[in-house]
Amino acid sequence: MEEKVYDHNQIELKWQERWKDAQLYRADPSSAAPKYYVVEMLPYPSGRLHMGHVRNYSIGDALARYMWMRGYNVQHPMGWDAFGLPAENAAIKGGAHPRDWTIARIAEMTRQMNRMGFAYDWSLEITTCEPEYYRWNQWFFLKMLERGLAYRKRALVNWCPECGTVLANEQVVNGCCWRHETTQVEQRALEQWFWKITDYADELLRDIDEKLEGAWPDRVLAMQRNWIGKSVGSEIDFTLEGSGEKIRVFTTRVDTIYGATCMILAPEHPLAQKLLDEAGRVRAKEMIDARANKGPGDVVKDGAPTGAFAINPYSGLKVPVWIGNFVLMDYGTGAIMAVPAHDERDFEFCTTFGLPIVPVIRPVDTERNLPFCDDGIVENSGEYSGLTSAEARRKMNERAEREGFGKAAITFRIKDWGISRQRYWGTPIPVIHCPKCGVVPVPEKDLPVELPYDVKFTGKGRSPLAENPEFMNVKCPQCGENAQRESDTMDTFVDSSWYFYRYCDPHNDKAPFDSAKIAKWFEIDQYIGGVTHAILHLIYSRFFTKVMRDLGLIANDEPAANLFTQGMVLGNDGTAMSKSKGNVVDPEEMMDKYGADTCRLFVLFAAPPEKDMPWIEASVGGQRRFLERVWKFVTRNVGRDAGTGDPAADRRALRKLHRTIHKMTDDFSNRWHFNTSIAALMELINTLTEEEASLSRRALDQILPSLVLLLGPFAPYIAEELWEQLGRTGPAFKQPWPAFDESLEKEDAADVVLQVNGKVRGRISMPFGAPKEELERLALADPKTQASITGKQVVKVIVVPDKLVNIVVK
RNA sequence: GCCCGGGUGGCGAAAUCGGCAGACGCAACGGACUUAAAAUCCGUUUUCCGGCAACGGGAGUGCGGGUUCAAGUCCCGCCCUGGGCACCA
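Residues numbered from 1 in each chain as written. Chains lettered and ligands numbered in written order. Predicted model: local features only at pLDDT ≥ 70, side-chain atom pairs only at ≥ 80, totals over all residues. Heavy atoms only, no water.

Peer 1: Now, about the overall build of chain A: what can you tell me, with residues and values included?
Peer 2: Tallying secondary structure elements over chain A gives 26 helices and 33 strands in all. Judged by the C-alpha coordinates and their principal axes, chain A covers about 105 × 85 × 50 Å. Carbon and sulfur atoms provide 51% of the accessible area of chain A, an area that totals close to 35400 Å². Charged side chains of chain A number 100 positive and 112 negative; the gap between the two group centres comes to 1 Å. (Helix = DSSP H or I, 4+ residues; strand = E, 2+ residues; numbered from the N terminus. Areas by Shrake-Rupley, 256 points an atom, 1.4 Å probe, with all protein chains shown as cover. Lys, Arg positive; Asp, Glu negative; His and termini not counted. Charge placed at Lys NZ, Arg CZ, Asp CG, Glu CD.)

Peer 1: Could you give an account of the packing of helix 18 (residues 596-605) against helix 19 (residues 617-637), naming the residues involved and the relevant values?
Peer 2: Between helix 18 and helix 19, the shortest axis-to-axis distance is 9 Å and the interhelical angle comes to 120°. Relative to helix 19, the element helix 18 is oriented oblique. The two elements helix 18 and helix 19 cross, and the hand of that crossing is right-handed. Residues D597, T598, L601, F602 and F605 of helix 18 pack against S619, V620, Q623, R624, F626 and L627 of helix 19. In terms of residue class, the contact of helix 18 with helix 19 is built from six nonpolar, three polar and two charged. (Axes fitted to C-alpha atoms, helices over the stretch in contact; angles between N-to-C directions. Parallel < 35°, antiparallel > 145°, perpendicular 65-115°, else oblique. Left-handed = near helix turned anticlockwise from the far one by under 90°. Contact = heavy atoms within 4.5 Å. Nonpolar A, V, L, I, M, F, W, Y, C, P; charged D, E, K, R; others polar.)

Peer 1: How would you explain the pattern of salt bridges if you had to name every residue and give the values?
Peer 2: Taken as a whole, this structure holds 68 salt bridges when the rule is applied. R248 is the partner of D237 in a salt bridge, and the nearest nitrogen-oxygen pair spans 2.8 Å. With D237 in strand 10 (residues 230-240) and R248 in strand 11 (residues 246-251), this residue pair connects regions lying eleven residues apart in the sequence. Judged by relative accessible area, which is 10%, D237 ranks as buried. With its nearest N and O atoms 2.8 Å apart, the salt bridge here joins E628 to R624. Placement of both E628 and R624 in helix 19 is noted, with a separation of four residues, approximately one turn of the helix. Salt bridges linked by common partners bring E203, D207, K211, R542, K546, R549, D550, D557 and E558 together as one network. (Salt bridge = Lys/Arg side-chain N within 4 Å of Asp/Glu carboxyl O. Buried < 20%, exposed > 50% of the residue type's maximum accessible area, 1.4 Å probe, protein only.)

Peer 1: Talk me through the protein's contact with RNA strand B; I want residue IDs and the actual numbers.
Peer 2: Neighbouring RNA strand B are 50 residues, the closest being S231, T252, R345, K663 and R763. Taking the atoms of RNA strand B that fall within 4 Å of the protein, sugar and phosphate contribute 65% of them. A distance of 3.0 Å is found between a sugar or linking oxygen of RNA strand B and a side-chain nitrogen or oxygen belonging to N226. A distance of 3.3 Å is found between a sugar or linking oxygen of RNA strand B and a backbone nitrogen or oxygen belonging to A618. (Near = heavy atom within 4 Å. Polar contact = N/O pair within 3.5 Å; in protein donor to acceptor, adjacent residues only side chain to side chain.)

Peer 1: Quick one: what's the story with the nonpolar core, residue by residue and with numbers?
Peer 2: By size, the foremost hydrophobic cluster in this structure holds 184 residues, and its most contacted members are W195, Y499, F500, Y527, W615 and F714. Here this core gets eleven residues from one element, more than from any other, and that element is helix 2 (residues 51-69). In terms of nonpolar packing, the next biggest core, distinct from the first, is built from 36 residues, I236, V249, A272 and V378 among them. (Core = buried A, V, L, I, M, F, W, Y, C linked by side-chain atoms within 4.5 Å.)

Peer 1: Describe unusual backbone geometry, and please don't skip the residues or the numbers.
Peer 2: Each neighbour pair has its own omega, and for L370 with P371 the value is -5°, a cis peptide bond. Note that P371 resides in the loop between strand 16 (361-362) and strand 17 (377-378). Geometrically, the link from F522 to E523 is a cis peptide bond, its omega value of 5° lying close to zero. Within the element layout of this structure, E523 appears in the loop between helix 15 (515-521) and strand 26 (526-530). Of note in this structure, W672 is not a glycine but carries a positive phi near 60°. Tracing the sequence through the fold places W672 in the loop between helix 20 (647-669) and helix 21 (674-691). Positive phi is not limited to glycine here, since N757 has a value of about 50°. Mapping N757 onto the fold places it in the loop between strand 30 (750-756) and strand 31 (759-766).

Peer 1: How would you sum up the sheet that holds strand 21 (residues 431-434)? Please name residues and give values.
Peer 2: Adjacent strands of a sheet pair through backbone hydrogen bonds, lying either parallel or antiparallel. Strand order in the open sheet made by the four strands is 22-21-24-23, with antiparallel pairing throughout. Two strands close off the open sheet at either side, each with one partner strand: strand 22 (438-441) and strand 23 (473-475). Direction aside, the axes of adjacent strands within the sheet are offset by 40° on average. Bridge count between strand 23 and strand 24 (residues 482-485): three bridges; the pairing is antiparallel. By the bridge assignment for strand 24, V474 is matched with A483. (Pairing = 2+ DSSP bridges.)

Peer 1: Now, about the pairing of strand 14 (residues 318-324): what can you tell me, with residues and values included?
Peer 2: Buried residues dominate strand 14, accounting for six of its seven residues. Judged from the three bridges that link them, strand 12 (residues 262-265) and strand 14 form a sheet pairing that is parallel. Across the sheet, the residue bridging to M263 is V321, located in strand 14. Alignment of strand 13 (residues 303-311) against strand 14, held across six bridges, turns out to be antiparallel. Following the sheet pairing, A310 is matched in strand 14 by V319. Between strand 13 and strand 14, which pair antiparallel one after the other, the connecting turn spans six residues, and G316 there sits at a positive phi close to 75°.

Peer 1: How would you explain the packing of helix 3 (residues 85-92) against helix 4 (residues 98-116) if you had to name every residue and give the values?
Peer 2: Two quantities define a packed helix pair, namely the angle between the axes and the distance from one axis to the other. Where helix 3 meets helix 4, the axes come as close as 8 Å, and the angle between the chain directions of the two elements is 125°. Here helix 3 is positioned oblique relative to helix 4, judged by the angle of their axes. In the packing of helix 3 onto helix 4, the handedness of the crossing is right-handed. In this structure, helix 3 uses P86, A87, E88, A90 and A91 to contact helix 4, whose residues at the interface are P98, W101 and T102.

Peer 1: Would you mind going over the sheet that holds strand 2 (residues 73-75) in detail, with residue names and values included?
Peer 2: An order of 2-1-26-27 is seen for the four strands of this open sheet, with the pairing classed as parallel. Every interior strand has two partners, whereas the edge strands, strand 2 and strand 27 (563-566), have only one. For this sheet, the mean inter-axis angle between neighbouring strands, taken without regard to orientation, is 20°. Both strand 26 and strand 27 contribute to a ladder of four bridges, which runs parallel. Within the sheet, the bridge partner assigned to Y527 lies in strand 27 and is L563. Where helix 2 meets the sheet, it contacts strand 1 (35-40), strand 2, strand 26 and strand 27, and its direction lies at approximately 175° from that of strand 1.

Peer 1: Pulling in residues and values, what's your account of helix 3?
Peer 2: Note on helix geometry: an α-helix contains 3.6 residues per turn, so any two residues three or four positions apart are oriented the same way. Counting buried positions along helix 3 gives seven out of eight residues, so the element sits mostly inside the fold. L85, A87, E88, N89, A90, A91 and I92 are the residues of helix 3 that are buried. Contacts from the buried residues of helix 3 go to helix 4. Just downstream of helix 3, G94 is the residue with a positive phi angle, here 95°.

Peer 1: Quick rundown of the packing of aromatic side chains? Include the residues and the values.
Peer 2: By the definition in use, this model includes 56 aromatic pairs. With 5.3 Å between their ring centres and 80° between their planes, F140 and F544 make a pair best called edge-to-face. Taken together, the positions of F140 in helix 5 (residues 131-146) and F544 in helix 16 (residues 536-550) put the pair 404 residues apart, joining distant regions of the chain. Taking relative accessible area as the criterion, F140 reaches 1% and is therefore assigned buried. Judged by its relative accessible area of 1%, F544 is buried. A cation sits over an aromatic face here: R65 above F733, 5.5 Å from the ring centre. (Phe/Tyr/Trp six-rings, centres within 6.5 Å; stacked < 30°, edge-to-face > 60°. Lys NZ or Arg CZ within 6 Å of the ring centre and 35° of its normal.)

Dropping the structure here:
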């Protein structure tokens, strides 16, 4: 048969047309095959696919296609993280309505994804800005409220005095407003909603060890551990001299308490406000503001005495009470005991302000240089002197508990999740503020609280919702009097915390999902996304899963049994692609130029998927050339009258084929190092081209279909087209993955390396399984090794059968 | 400062269990084809030394030690680099 021309445009258009069939990538509900649920993190619909998406989704798609071929019942959905600031910013700048803006961009990105040939079951598609989705955010909010997991408190927000509005963190650039680059952002306190993720802090931490270790990347788990930040220590009350009020401190080093030479309160600490005089309060305010505008780098330690004194409950000694800018109000109790001899920060503080330094811990076997911050032997500490730090901590905790001035305590660094956003384009928080009844939840039957479409985007004043009377004015569900809706919307991380559950039952209008469907598909077998979501998204989803479990909706404790985080795509200059650097490569341009298959192949070939990968356009051509070589090889050999050929050539070609299948099967099941899988395919085509003239028809009939199927998960268009040209029926991606036969992989003879003192001196070809003695004899007799041995004494000979002989000489 | 990665040719990388370092690809150079160019195909390409040559010999995986018959791979101590956290008591 004639060799054909590889025209990627023609092939892609043809198959896109055929792949429109909505049933094609649907999981089979009646299938008895084992399920495989693979999810790639859903994108924000910015309107253009970027290389990071292409990489993420090419990895996921290769895996989904491979698992289909392995006979699994695969569920592979896609959706849109459709709420968020860019749409609203665009509206503020005079662009389209956020909804229209978003819908148009979703359409555009869907088109691009289909062009890439990604195999999604679009019947499961979810769009988080649709009421049918976000009503369940609201439903979950009500459940959180019922269970005491949602509460309101005052918290700081960014405020631009120029706009007269609240800014999201992303709208703050270098401490200034995004629209007024010279206007400093201020901090203002507003009543906001929080979710008590801290209630689950212990379980979130424990399950990292018990459920995720080994299945999620270490660096993600390390970041999460760090973020949760569990500290084991003690809470101890110091008594204020005079009033007798208690000041509670948290410390991990109660064993050093005899060395406490002062107490330091956060400047915001309520007691500090009380103890300070007018001048002191001004100083405290200065410290708070200086910290709010904290630039990068260290803030110099600052502090001031309150004039008050407190009594150390263990030693009975009186210490001064200070305020200090390095003590955080929202960690621990907002107050510390300063032990300058055994803590670097306290040391720095007390040195600066001339406070005494009293050592109470002796190192076990080294000189003591202050501050000495390790455990040691306690001294100058009354009845505890002579104990180890650990013993002292235990005994001191016991006494605190017994005498009622403290206890062993655990503190977490993680804080409750503030979900309120003073924005329009998000899920309305379903509560009503009634002057008589207070905060009243919207009754479930009234969900969803829909976002009104007709609002004004001024970028000034309160959020567009708050300025919209038709939205805001309602009757109180409890007393029927005039009341106001909550105008805040939810953080978009709420949307993405549970979307992969909704995929399993996307159109359910009675519940967020049917629990039986979740039981069938969960946990997610493989979740794939960027490491940038290591903390927030991935910890919020874990939290959501645990809450849903406690609500009785699901049975699993974790959302994803396995997580894979791919590396970034870097520009030609080796830095992350960004518009400001002008090193962005547009996937669509690459598709025009080289075709979707080439793009997919390149992002998988250039580096192993977990590593950062530079986009070097010069090398993309190599992938295109590879596809052309495969294309030509297959098309010109489809019907070629090859006859019986040369059995030795057949054997060599089949050996390479089976090794390639073996290698790729390993890569898919272990490491996903698709770069080496593709390299193996390249080696295969190199061998096939070399042997081509001597191959028999029989061998070709085995080789051609296998080659095409192996290529399928990476380059689906060309695989499907060639499959059809081979005269096969049924889609290539639903064929069984080729099997390898190890007996065909073996060389005819073993190539045994001969070494002298570890240096290669020669090699001999031997039948497999040759006895050690014979290998040793032949190695010693070999002329190549003789040259290096003569005149020396052979000390010993190491023989690794079928592989290597190392002669050790002196 | 603390916690993770990473360091191998001109470049992206490979070597999965301690057994031939540099597979595969890019780029470069040489050749074939062509009036010419592009495309394609063939060849060379870690480095140093010797040789017209086929070839032979030495060095080499960030640096310094160590274990081993054998180390890119394991151990100890450094250096550089990317990322995360960063006054968390």
